[in-house]
Amino acid sequence: MASVLFDQVSVEFPIYSASTRSFRNRLLRAATGGQLGKDPHGHMSVRALHGLSFALKDGDRVGLIGNNGAGKSTLLRILNRVYEPSSGTALIRGETGSLIDVSLGIDPEATGRENIYLRGTLLGLHRRQLDQRMDEIIAFTELGDFVDLPLRTYSTGMHMRLAFAVSTLMEPQILLMDEWLSVGDESFKAKAEKRVNDMVQKTNILVIATHSEGLVRRLCNRVLWLEHGQIRMDGDQASIADAYFGVSTRNKA
């Protein structure tokens, strides 16, 4: 079983030597939706999240929506244990896995095969596991003999196919995504789509940050709408999607 419990979680980032930069402070205040302030010691800080409280359980497929700067990426990083809350409590039970930066740890001077071991190790996979699945990975990437050449000789598409193939080996209990992951040409996209769908089906909890109305309605059963680092609405997919995307459409008119 996997679960997530947030109790009044806030995240603030200090801005050092900011007290004398009044013009820059005004720009920062505008860019952060007015979430620029001072801590109890008078130091400048940006509040990325403020007072988030919610719980996730097995079977939740959660869409994170909101304008750029609403706090979606910060929330994903807390769930992935990259950030710690500045205040409040975040209890995350279960192994987390991220499809946000699939190229993390890739070395352009190493061969494709060597990069499979490098990236796989970063994902927590043992060499024995990678050895057992090496032929499968190479076949999936369609790299052929290129797998033993340095990555710097690859095209962008070849690079992404390799990174994608290794990143989707994991089977986390909590899967985190920033938009739907799609790589390669049209023939490869079909395989990639099926592989991601299989990951989503197997995971206990999915949290995906997206601007896509279609993706929210197709994939999610629950939606968190963030605004200025706070939860504006939290509920079932249909009602929150209707409220958010209806507002977005009217604002564009």
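Sequence order sets the numbering: in each chain, residues are counted from 1 along the sequence as written. Reporting in this predicted model follows two pLDDT cut-offs: at least 70 for local features of residues, and 80 or more for side-chain atom pairs to be given and counted; totals over whole chains, interfaces and linings ignore these cut-offs and use all residues. Excluded from the side-chain calculation are hydrogens and water; included are all heavy atoms of the structure.

Engineer: Quick question: what am I supposed to make of the overall build of the chain here?
Structural biologist: Summing up its helical and strand segments, the chain has eight helices and ten strands in all. Partitioning the intrachain contacts of the chain with sequence separation of at least 6 by distance along the chain shows that 71% fall at a separation of at least 24. Surface accessibility follows the Shrake-Rupley procedure with a 1.4 Å probe radius. Residue values consider only the protein chains on display as shielding. As displayed, the chain offers around 13,100 Å² of accessible surface, 50% of which is attributable to carbon and sulfur atoms. Only DSSP runs of H or I reaching four residues or more are called helices, and only runs of E reaching two or more are called strands; each is numbered from the N terminus. Whether two residues touch is decided by their heavy atoms; if any such pair falls within 4.5 Å, the residues are in contact.

Engineer: Just checking my understanding: could you explain the layout of surface pockets for this structure?
Structural biologist: If you roll a probe as big as a water molecule over the atoms, it shows you where there is empty space left. Space inside the largest pocket adds up to approximately 390 Å³. Computed over the protein atoms alone on a 1 Å grid, cavities are sets of points where a 1.4 Å probe fits but cannot get out and pockets are open sets with protein on both sides within 12 Å along at least five of seven lines; a residue lines them when it has an atom within 4 Å of a point. Along the wall of the largest pocket there are 17 residues; nearest its centre are N80, V82, S98, D101 and L104. Counting only elements with at least two residues in the lining of the largest pocket, the list comes to α2 (72–79), β6 (96–98) and α3 (112–122). Here the lining of the largest pocket is composed, by residue class, of seven nonpolar, five polar and five charged. Grid points are joined across faces, edges and corners, and a volume is the space filled by probe spheres set on the points. In the scheme used here, Gly and all other residues not listed as nonpolar or charged are polar, with Ala, Val, Leu, Ile, Met, Phe, Trp, Tyr, Cys and Pro taken as nonpolar and Asp, Glu, Lys and Arg as charged.

Engineer: Would you mind showing me how to read helix α4 (residues 127–141) here?
Structural biologist: Count 3.6 residues to each turn of an α-helix, and residues three or four apart come out pointing the same way. Largest kink in α4: about 55°, centred on R133. Every buried residue belonging to α4 is among L130, M134, I137, I138, F140 and T141, and all of these are buried. Packed against the buried residues of α4 are α3, α5 (156–167) and α6 (186–202). To obtain the bend at a residue, axes are fitted to the seven residues ending there and to the seven starting there, and the angle between these axes is taken. With a 1.4 Å probe rolled over the protein chains alone, any residue whose accessible area is under 20% of its type maximum counts as buried; one over 50% counts as exposed, and the rest are partly exposed.

Engineer: What's the story with the environment of G97 in this structure? I'm lost.
Structural biologist: Relative to the helices and strands, G97 resides in strand β6. Residues G97 and P172, 75 residues apart in the sequence, show an inter-C-alpha distance of 5.2 Å. Setting aside its immediate chain neighbours within four residues, G97 contacts M170, P172, I174, L175 and L176.

Engineer: Sorry, what's going on with the sheet that holds strand β7 (residues 174–178) here?
Structural biologist: Within a beta sheet, neighbouring strands are joined by backbone hydrogen bonds and run either parallel or antiparallel to one another. Pairing between two strands requires that DSSP report at least two bridges joining them. Pairing in this open sheet of six strands is mixed, and the strands run β6-β7-β8-β4-β9-β10 from one edge to the other. Looking at the sheet topology across the chains shown, the edges are occupied by β6 and β10 (230–236). Across the sheet, the mean angle from the axis of one strand to that of its neighbour is 20°, orientation sign disregarded. Bridge count between strand β4 (residues 61–65) and strand β8 (residues 205–209): four bridges; the pairing is parallel. Bridging from a neighbouring strand, V62 pairs with V207 of β8. Contacting β4, β6, β7, β8 and β9 (222–227), α2 crosses the sheet at an angle of about 155° to β7. Here an angle of 0 to 180 degrees is reported between the N-to-C directions of two axes, which are lines fitted to C-alpha atoms, with helices fitted over the stretch in contact. Along the sheet, α6 contacts β4, β7 and β8; its crossing angle with β7, the most-contacted strand, is approximately 140°.

Engineer: Could you clarify how one ought to interpret the confidence of the model for the chain in this entry?
Structural biologist: Detail in the predicted coordinates should be disregarded across regions flagged by low pLDDT. What pLDDT expresses is the predictor's confidence in each residue, scored from 0 to 100. With 86% of its residues at a pLDDT of at least 70, the chain reaches an overall mean of 87. Taken together, the stretch residues 30–34 has pLDDT below 50 and engages in three contacts with residues farther than four places along the chain or on a different chain.

Engineer: Mind showing me how you'd approach the packing of aromatic side chains here?
Structural biologist: Think of a pair of aromatic rings as described by two things: how far the centres are apart, and how the planes are tilted against each other in angle. Aromatic contacts are taken between Phe, Tyr and Trp rings whose centres are within 6.5 Å, Trp giving its six-membered ring; a plane angle under 30 degrees counts as stacked, one over 60 as edge-to-face, and the others as tilted. A full pass over the atoms with the stated rule returns eight aromatic pairs. With a centroid separation of 6.1 Å and 20° between ring planes, the pair formed by F140 and F164 is classed as stacked. Of this pair, F140 sits in helix α4 while F164 is found in helix α5, placing the two residues 24 residues apart along the sequence. Note on accessibility: F140 and F164 belong to one class, buried. Among the aromatic side chains, those forming a connected cluster through ring pairs are F140, F164 and F188. Look at NZ for Lys and CZ for Arg. If either is within 6 Å of the ring centre and within 35 degrees of the ring normal, a charge sits over the ring. Seen from the ring of Y117, R127 lies directly overhead, with NZ or CZ sitting 4.0 Å from the centre.

Engineer: Explain the environment of N204 to me, please; I cannot follow it from the model alone.
Structural biologist: By secondary structure assignment, the location of N204 is in the loop between α6 and β8. Remark: the alpha-carbon pair of N204 and P172, spanning 32 residues in sequence, is separated by 8.0 Å. Among all residues touching N204, those that are not within four sequence positions of it are M1, A2, K57, D58, G59, D60, R61, P172 and Q173.

Engineer: Any chance you could explain the nonpolar core here in plain terms?
Structural biologist: Inside soluble globular proteins, nonpolar side chains tend to come together where they are buried. Nine residue types can take part in a nonpolar core, namely buried Ala, Val, Leu, Ile, Met, Phe, Trp, Tyr and Cys, and a core is a set of them joined through side-chain atoms within 4.5 Å. Counting 39 residues, the largest nonpolar core has I116 and M177 as its most contacted members. Elements with a minimum of two residues in this core: α3, α4, α5, β7, α6, β8 and α7 (213–219). Examining the composition of this core, we find that six residues originate from one element, α5, more than from any other. Residues L52, F54, L224 and L226 belong to the second largest nonpolar core, which totals 24 residues.

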